[in-house]
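Single-letter residue listing:
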Amino acid sequence: MLSSRMENLHPYVPGEQPRDREYIKLNANENPYPPSPAALERALEWAKSSPQSLALYADPDSLSLREKIAAMLNATGGVLSRAQISGEKISPCERDRIGFEITSEMIYAGNGSDEVLSFLFYAFFDSAEKLISPEFSYSFYPVYCEFHSIQMEKVTLLKDWQIDVDEMISRAKKFHAPTILANPNAPTSLCLSRAQVRRMLEECPRDRAFVVDEAYVDFDGESCLPLLRDFENLVIVRTFSKSLCAAGMRLGYLVANPKMVNAVLTVKNSVNHFPIDAFAQAFGSAVCENIPYYAECAKKIVVQRDGFSDFLRSRGFFVLPSSTNFLFTKKDGRSGKAMYESLKKEGILVRRFDTEGIEEFLRITVGTEGQMSALKRTMEKLDF
Ligand SMILES: *Cc1c(COP(=O)(O)O)cnc(C)c1O
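Because the structure is a prediction, the values reported are computed rather than measured.

**Description of helix α9 (residues 258–268)**
The periodicity of an α-helix, 3.6 residues per turn, causes residues three or four places apart in sequence to face the same way.
At step 1: Taken as a whole, α9 has its buried residues at M260, V261, V264, V267 and K268. Seen end-on, α9 carries its buried residues on one side only, within an arc spanning 110 degrees. Facing away from the buried side of α9 by over 90 degrees, the exposed positions are K259 and T266.
At step 2: Packed against the buried residues of α9 are β4 (107–110), α5 (112–124), β9 (234–239) and β10 (252–256).
At step 3: For α9, the N-terminal capping position is held by N257, with its side-chain oxygen 2.9 Å away from the main-chain nitrogen of K259.

**Describing the site of the ligand**
At step 1: Every residue lining the ligand is accounted for by G112, S113, D114, Y138, D213, A215, Y216, T239, S241, K242 and R250.
At step 2: A distance of 2.7 Å separates a nitrogen atom of the ligand from a polar side-chain atom of D213.
At step 3: Within the complex, 93% of the 390 Å² of free accessible area of the ligand lies under protein.
At step 4: Of the residues forming the shell around the ligand, the biggest block, 3 residues, is contributed by α5.
At step 5: Along the lines of polarity and charge, the residues of the shell around the ligand split into 3 nonpolar, 4 polar and 4 charged.

**Describing the packing of α5 against α9**
At step 1: Close contact between α5 and α9 brings their axes to 9 Å; oriented N to C, the two are set at 105 degrees. One way to sum up the angle between α5 and α9 is to call them roughly perpendicular. Contacts from F119, L120, Y122, A123 and F124 of α5 reach α9 at M260, A263, V264, V267 and K268.
At step 2: Here the residues of the contact of α5 with α9 are counted per class, giving 9 nonpolar, no polar and 1 charged.

**Some details on the nonpolar core**
At step 1: Among the nonpolar cores identified, the biggest contains 70 residues, and I69, I102, L234 and F240 are the most heavily contacted of them.
At step 2: Counting 29 residues, the second-largest nonpolar core is a separate cluster that includes F119, F124, I150 and A209.

**Describing the pairing of β10**
Side chains on a regular strand alternate between the two faces of the sheet.
At step 1: Within β10, 5 of the 5 residues are buried, which leaves it mostly tucked inside the rest of the structure.
At step 2: Inspection of the sheet shows β4 paired to β10 by 4 bridges, in the antiparallel sense. Each bridged residue has a counterpart across the sheet, and for G110 the counterpart in β10 is G252.
At step 3: Bridging between β9 and β10 involves 5 bridges; their strand directions are antiparallel. Looking across to β10, one finds that V237 is bridged to L254.

**Quick look at the pairing of strand β7 (residues 179–182)**
At step 1: On β7, burial covers both faces: T179 and L181 on one face and I180 and A182 on the other are all buried.
At step 2: With 4 bridges joining them, β7 and strand β8 (residues 210–213) adopt parallel strand pairing. Bridge assignment links L181 to a residue of β8, and that residue is V212.
At step 3: Following the chain from β7 across helix α8 (residues 194–203) to the adjacent parallel β8, one finds a crossover that is right-handed.

**Remarks on the environment of P258**
At step 1: Take P258: it is sitting in helix α9.
At step 2: The exposure class assigned to P258 is partly exposed, which follows from its relative accessible area of 34%.
At step 3: Spatially, the C-alpha atom of P258 lies 7.7 Å from that of I107, the residues being 151 residues apart in sequence.

**Things to note about the pattern of salt bridges**
At step 1: Considering all chains together, one arrives at 23 salt bridges under this definition.
At step 2: For R171, the salt bridge is made with E167, and the minimal N-O distance between the two is 2.7 Å. Here R171 and its partner E167 are both found in helix α7 (residues 165–175), 4 residues apart, which amounts to about one turn of the helix.
At step 3: The class for R171 is buried, based on a relative accessible area of 18%.
At step 4: Residues participating in the shared-partner salt-bridge network are K130, E153, E167 and R171.

Rules used in this analysis
- Residues numbered from 1 in each chain as written.
- Predicted model: local features only at pLDDT ≥ 70, side-chain atom pairs only at ≥ 80, totals over all residues.
- Heavy atoms only, no water.
- Buried < 20%, exposed > 50% of the residue type's maximum accessible area, 1.4 Å probe, protein only.
- Helix = DSSP H or I, 4+ residues; strand = E, 2+ residues; numbered from the N terminus.
- Arc of directions from axis to C-beta.
- Contact = heavy atoms within 4.5 Å.
- Polar contact = N/O pair within 3.5 Å; in protein donor to acceptor, adjacent residues only side chain to side chain.
- Near = heavy atom within 4 Å.
- Areas by Shrake-Rupley, 256 points an atom, 1.4 Å probe, with all protein chains shown as cover.
- Nonpolar A, V, L, I, M, F, W, Y, C, P; charged D, E, K, R; others polar.
- Axes fitted to C-alpha atoms, helices over the stretch in contact; angles between N-to-C directions.
- Parallel < 35°, antiparallel > 145°, perpendicular 65-115°, else oblique.
- Core = buried A, V, L, I, M, F, W, Y, C linked by side-chain atoms within 4.5 Å.
- Pairing = 2+ DSSP bridges.
- Right-handed = clockwise from strand over helix to strand, strands pointing away.
- Salt bridge = Lys/Arg side-chain N within 4 Å of Asp/Glu carboxyl O.

Okay, structure coming up:
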């Protein structure tokens with residue numbers, strides 16, 4: 001009964017979402033803070049004051065949401081941890097200035113960036129062709145490759161776990177292939193500079209899509225938004241799930257040249273033309289109008305991250321320098337699996353992978369100050 005395609009799928013395994021007991025949940029890179037109370041209030045008010053909006057189909061183009069996303073990016077430069085806040089006003093720091101205006105025609109919004117990514121795979125990568133990607137990166141990419149019969153060409157990371165820019169370029173040229181990478185990368189937490197990505201874009205085929213997944217960029221990364229002016233093949237994917245405290249709402253988007261956006265619209269209109277529900281659109285718009293709150297959350301997370309990273313190093317852990325809301329860490333002579341299991345018994349969930357080469361690492365999401373203190377105490381008690 002099953003298609004042969006179906007029988008050969010190896011689906012993505014997400015971080016656990018256990019309901020059996022209350023864990024300190026540091027395993028899925030979710031934000032430990034709730035959404036902005038003002039944003040939530042506004043979305044609920046919208047639903048209460050115009051309930052008929054929920055009886056009608058939502059705007060298939062999410063136009064209002066896309067306008068608000070564009071305004072948010074223009075106001076912040078696309079990196080919340082460095083955005084400058086004074087009262088209700090927010091502005092980008094010099095390093096993050098975009099240099100031109102992002103418009104709503106440059107944005108496509110969908111149900112979480114996972115859905116946006118799946119449409120990108122359909123729109124820009126051909127089956128039986130190569131797609132260049134780092135060896136360790138977001139584990140959904142190989143899953144989509146399998147689904148679309150695309151051959152993933154995995155490029156080994158350098159000794160310091162950084163993406164091998166030269167080798168990525170040389171494979172993209174050799175196969176005249178498109179590229180996908182996460183920057184900052186997951187699960188390594190390392191960031192490439194904008195100059196490094198620019199060099200890749202300059203040398204990789206200009207007529208193949210180049211996708212940069214910026215899920216974590218708000219926590220000290222360097223956004224490639226300023227490169228959109230020079231590269232029509234660049235597609236930047238971003239999400240509300242990490243820095244915008246809304247993983248449960250399923251909102252994600254891409255920023256690209258309008259021609260690329262139109263290609264994705266064609267895919268969307270061939271699958272499900274009302275992708276984002278009306279409430280999520282209203283909520284997402286309200287989030288974009290309350291950005292100082294989220295910038296404060298990102299700044300708090302960066303402080304906790306750096307403090308916890310010092311703590312780990314003081315206990316002999318190897319910790320990669322993180323530009324994200326998580327730490328990728330291991331300790332010589334300690335089994336990653338055993339540490340993961342002991343922490344779980346103590347009520348703290350972190351993430352680890354069975355993937356060869358990174359089995360001994362833990363990926364620890366940065367939580368609130370209270371959560372990180374609890375984790376420190378537990379690690380001391382367990383003598384890690
Ligand atoms: C979390 C994550 C996503 C998925 O985000 P959603 O918007 O929740 O689908 C995409 N890419 C990377 C690298 C991520 O870590």
